[in-house]
Amino acid sequence: MSEKVLELNQDLFEKLPDEEKNSEFITVESKTFFKDTWDRFKKNKLALFGLVFIIAMILSAIFVPIFSKYGYEAQDMMNRNALPSLEHWFGTDKLGRDIFVRVMYGARISLMIGFSTALINLVIGVVYGGISGYVGGRVDMIMMRIIDIIYAVPTLLYVVLILLIFGNNIGSMMLAICLTSWITMARQVRAQILSLKQQEFALAARVIGASDSRILLKHLVVNALGPIIVCETMMVPSAIFTESFLSFVGIGLDPTIPSWGKLANDCRPLIFTYPIQIIWPIAAICLTVLSLNFIGDGIGEALQTKKGRE
Amino acid sequence: MLKYIVKRLLVGIVTLFILATIVFFGVKAMPGNPFAKQDKFMSPEAYAALERKYGLDKPLTEQYVIYMNNVLHGDFGESISKKGQTVADIIALRAPVTAKLGVIAFFISIGVGLLFGIISALTKKRWVNSLITTLATIGVSVPSFLLAMLAMILFGVKLGWLPLVGLSSWKHYVLPSIALSLSSISMITRLSRSSLRDVMNEDYITLARSKGTKELWVVIKHGLKNALIPVITYSGPMFAGLVTGSLVIETLFSVPGIGAEFTQSITNRDYTLVMGLTIFFGALVIVMNLVSDIVAAIVDPRIKLGK
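This structure is a prediction, so every number in the text was calculated from the model and none was measured. (Residues numbered from 1 in each chain as written. Chains lettered and ligands numbered in written order. Predicted model: local features only at pLDDT ≥ 70, side-chain atom pairs only at ≥ 80, totals over all residues. Heavy atoms only, no water.)

(A) Up close: the overall build of chain B. From N to C terminus, chain B includes 11 helices and 0 strands. Listed N to C, the secondary structure of chain B is α-α-α-α-α-α-α-α-α-α-α in terms of helices and strands. Expressed along its principal axes, the backbone C-alpha trace of chain B runs to roughly 85 × 55 × 30 Å. Roughly 15800 Å² of accessible area belongs to chain B as shown, and the carbon and sulfur atoms make up 68% of that amount. Charged side chains of chain B number 30 positive and 17 negative; the gap between the two group centres comes to 14 Å. (Helix = DSSP H or I, 4+ residues; strand = E, 2+ residues; numbered from the N terminus. Areas by Shrake-Rupley, 256 points an atom, 1.4 Å probe, with all protein chains shown as cover. Lys, Arg positive; Asp, Glu negative; His and termini not counted. Charge placed at Lys NZ, Arg CZ, Asp CG, Glu CD.)

(B) Structural view of the pattern of salt bridges. Residues and elements named next belong to chain A. Applying the stated rule across the entire model yields 8 salt bridges over all chains. Between Asp-36 and Arg-40 there is a salt bridge, with the nearest N and O atoms lying 2.9 Å from each other. Of the two residues, Asp-36 and Arg-40 both sit in helix α1 (residues 33–43), 4 residues apart, roughly one turn of that helix. Put simply, Asp-39 and Lys-42 hold a salt bridge, and the shortest N to O gap is 3.7 Å. On the criterion of helical spacing, the pair formed by Asp-39 and Lys-42 is a turn pair, its members being 3 residues apart in helix α1. (Salt bridge = Lys/Arg side-chain N within 4 Å of Asp/Glu carboxyl O.)

(C) Spotlight on the packing of helix α4 (residues 87–122) of chain B against helix α9 (residues 215–252) of chain B. Residue and element names in this part refer to chain B. As a packed pair, α4 and α9 sit with axes 9 Å apart at the nearest point and diverge in direction by 140 degrees. Considering their axes alone, α4 and α9 lie oblique with respect to each other. Crossing hand, α4 versus α9: right-handed. Contact with α4, carried on its side by Thr-98, Leu-101, Gly-102, Ala-105, Phe-106, Ser-109, Ile-110, Leu-114, Ile-118 and Leu-122, involves Val-219, Leu-224, Leu-228, Val-231, Ser-235, Met-238, Leu-242, Ser-246 and Glu-250 of α9 and no other residues of that element. In terms of residue class, the contact of α4 with α9 is built from 13 nonpolar, 5 polar and 1 charged. (Axes fitted to C-alpha atoms, helices over the stretch in contact; angles between N-to-C directions. Parallel < 35°, antiparallel > 145°, perpendicular 65-115°, else oblique. Left-handed = near helix turned anticlockwise from the far one by under 90°. Contact = heavy atoms within 4.5 Å. Nonpolar A, V, L, I, M, F, W, Y, C, P; charged D, E, K, R; others polar.)

(D) Geometry of empty space enclosed by the protein. Summed over all chains, the structure comprises 2 cavities of 30 Å³ or more. Approximately 110 Å³ is the volume attributed to the largest cavity. Space inside the second largest cavity adds up to approximately 50 Å³. Along its surface, the second largest cavity is lined by Pro-154, Leu-156 and Leu-157 of chain A together with Val-243, Thr-244, Leu-247 and Phe-281 of chain B. Counting only elements with at least two residues in the lining of the second largest cavity, the list comes to α5 (155–166) of chain A together with α9 of chain B. Each residue belonging to the lining of the second largest cavity can be placed in one class, and the counts come to 6 nonpolar, 1 polar and no charged. (1 Å grid on protein atoms, 1.4 Å probe; cavity = no way out; pocket = protein on both sides within 12 Å on 5 of 7 lines; lining within 4 Å. Points joined across faces, edges and corners; volume = space filled by probe spheres on them.)

(E) Representation of the interface of chain B and chain A within the structure. Across the boundary between the two partners, chain B contributes 40 residues, which contact 32 residues of chain A. Together, the buried faces of chain B and chain A total about 3400 Å²; carbon and sulfur atoms form 87% of this surface. Of all residues in chain B, Phe-145, Leu-146 and Met-149 of chain B bury the most surface against chain A, accounting for 15% of the area lost on that side. Counting across the chain B and chain A interface gives 0 residue pairs in polar contact (both at pLDDT 80 or more). Secondary structure elements with two or more residues in the side of chain B that touches chain A: α1 (2–29), α5 (126–141), α6 (144–158), α9, α10 (258–267) and α11 (271–299) of chain B. Counting residues per element, the side of chain B that touches chain A draws most heavily on α6 of chain B, which supplies 8 residues. Across the side of chain B that touches chain A, the residue classes break down as 26 nonpolar, 11 polar and 3 charged. (Buried area = accessible area lost by both parts, 1.4 Å probe. Polar contact = N/O pair within 3.5 Å; in protein donor to acceptor, adjacent residues only side chain to side chain.)

(F) Focus on the nonpolar core. In terms of nonpolar packing, the biggest core is built from 123 residues, with Leu-246 of chain A together with Phe-253 and Phe-262 of chain B touching the most fellow members. Of all the elements, helix α11 (residues 275–309) of chain A adds the most residues to this core, at 13 residues. In this structure, Val-199, Ile-205, Val-219 and Ala-227 of chain B belong to the second largest nonpolar core, which totals 9 residues. (Core = buried A, V, L, I, M, F, W, Y, C linked by side-chain atoms within 4.5 Å. Buried < 20%, exposed > 50% of the residue type's maximum accessible area, 1.4 Å probe, protein only.)

(G) Expanded view of the packing of aromatic side chains. The tally for this structure, following the rule as stated, stands at 11 aromatic pairs over all chains. Their ring planes at 65 degrees and their centres at 4.8 Å tell us that Tyr-128 of chain A and Trp-182 of chain A sit as a pair that is edge-to-face. With a gap of 54 residues between them, Tyr-128 of chain A in helix α3 (residues 99–135) and Trp-182 of chain A in helix α6 (residues 170–196) connect regions that are remote in the sequence. Assessed through its relative accessible area of 17%, Tyr-128 of chain A is described here as buried. Residues Phe-280 of chain B and Phe-281 of chain B carry aromatic rings whose centres are separated by 6.3 Å and whose planes lie at 50 degrees to one another, so their mutual orientation is tilted. (Phe/Tyr/Trp six-rings, centres within 6.5 Å; stacked < 30°, edge-to-face > 60°.)

(H) Quick peek at the confidence of the model for chain A. Averaged over all residues, the pLDDT of chain A equals 81, while 91% of them reach at least 70. Counted against residues more than four places away or in other chains, residues 306–310 of chain A, with its pLDDT under 50, gives 5 contacts. (pLDDT = per-residue confidence, 0-100.)

(I) Summary view of α9 of chain B. All names here are of chain B. Between the first and last C-alpha of α9 there are merely 45 Å, a value that for 38 residues lags more than 12% behind the 56 Å anticipated at 1.5 Å per step. Maximal helix bending in α9 amounts to about 45 degrees, located at Leu-224. Following α9 by one or two positions, Ser-254 has its phi on the positive side, about 50 degrees. (Expected span 1.5 Å × (residues − 1). Bend = angle between axes of the 7 residues up to and from the residue.)

(J) Layout of the environment of Asp-98 of chain A. Residue and element names in this part refer to chain A. Positionally, Asp-98 belongs in the loop between α2 (45–67) and α3. With a relative accessible area of 3%, Asp-98 lands in the buried category. Measuring from C-alpha to C-alpha, the distance between Asp-98 and Lys-69 comes to 9.9 Å, with 29 residues separating the pair along the chain.

(K) Structural detail: the environment of Ile-215 of chain A. Assignment of secondary structure puts Ile-215 of chain A in helix α8 (residues 212–223). Once you skip the residues sitting within four places of it in the chain, Ile-215 of chain A turns out to touch Tyr-134, Ala-202, Ala-205, Arg-206, Ala-210 and Leu-220 of chain A.

(L) How the structure looks around the packing of α4 of chain B against α10 of chain B. All names here are of chain B. Where α4 meets α10, the axes come as close as 7 Å, and the angle between the chain directions of the two elements is 130 degrees. For the element pair α4 / α10, the angle class is oblique. Across the interface between the two elements, Ile-90, Ile-91, Arg-94, Ala-95 and Thr-98 from α4 touch Ile-258, Gly-259 and Glu-261 from α10. Here the contact of α4 with α10 is built from residues that sort into 4 nonpolar, 2 polar and 2 charged.

(M) The arrangement of the side chain of Ser-247 of chain A in detail. Along the chain, the position of Ser-247 of chain A falls in helix α9 (residues 225–249). Discounting chain neighbours no more than four positions away, the residues touching Ser-247 of chain A are Gly-252, Leu-253, Ser-259, Gly-261, Lys-262 and Asn-265 of chain A.

Following this line, the structure appears as structure tokens:
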């Protein structure tokens, strides 16, 4: 042990330069959850392309039929089966109707069916899956058995039956698609809720005395939002697919409604003579469905890296 | 195991029963009647006779009991649009065509999908991997009937290599079976790729390698055997996909199978045929799902059934 006492004087100290004063503060810009996700989403080129394409498609679905000089049923008899030109961007069909306008009109129907069924599924799926996962026990068992039973039969059979019973209009098509597709959402939500409700914050909320519905909606569902959003994005293309599939075979929507599947079906007999006509609706369906899938994958990846980092 | 199978079978039977009930009352709830289309000037007597023939004059609950009883005995009734043919006859006539196409598509899916999956999981070349992944993404997300349509235009119309309609030679099977299997090929590629990748990182693979086992043998015996389980589990839903796919593919290529018959019966509003075929399809899918689950459990003892 040394007896020597360290003498402290002014010389031993040095003033801290200004720039080092804040070294312990976090200098990275603080981001909200959505900003963070969006930044990662932006890096995914395919997903970004998908988003741009879908927005463009929605805008043109709204505005092209309003501003175009051709109606979707207007016939130009002098100009039948015309090839693409400045006058008719995608050409005309066998009745001289402008294909560009028809495809955009079809976009209205297909996108409407896709997005509204996804929205309905979101509500039903979250409520059903949430209750099933949160309450648990016997209620959960019964609710899941009901789902098993509905799910065992292919969607297509339900759709066909509903269309037969309620007529082939857009409403019954949406009802029919919703009938089975909410199940995927409900299962996803249930699985999330089951694991989330075991966590401390749920217990904390309960200790404070929050009501069940508040815990479920404000705490559990909000934390399960990531997988829910991914699942939701994937539902849109599958609804569009089902509709176009059925209309294409000729058992879907009413023949007067020009959905994409119906347009492709109209052009089917002409593939030997005018194969170009069928390319447009096919391209519209393919690109839309692909774009939506890219967006879904993109969101999924953007949210998962978050998980990986923690 | 046995308990699980019995339980699943019971759920399956309940499902079928509910499906048949929905189908029955759904069809009955439809506006109009099946004879109106045939003859607008039918006399009341003839109409009554027809109703009696099909048992439509009885009260609804009695009709329901009769129908269910008949279905239990394999009798789905007589087709309305095709006189003299029972639904069972039509199924017996058309099902083999669909089955043949389905089996071909099934093996194409498994074979090609596994091949792509293995190549993509094991290759060191990045472009091979990204090519296969891109193709698989397109195959999963783009509806197969649209790809089929494009293939028809390319190979049938532009190049003229393959016939488009009918089923008289092996060439006729090429396009429909490939079109039918496209989406399941992609699914199996994705599944086997990701599961083989996971498996190849397991300790027992390293062990097998360090013992000096040949790489090919490691992949086949230790890798593939374990990576196959998700593929087997998927084969049930895949079967459902092939059944649904057959509706459009058969209509598109004019294949006289049960899928084309189904779409036709809907267009014709042939209610008995629609009812019969719906129940038939439903039963098929339920049984196939059960079989694939059981097979997966036999292959992989780690799977706990009934959970």
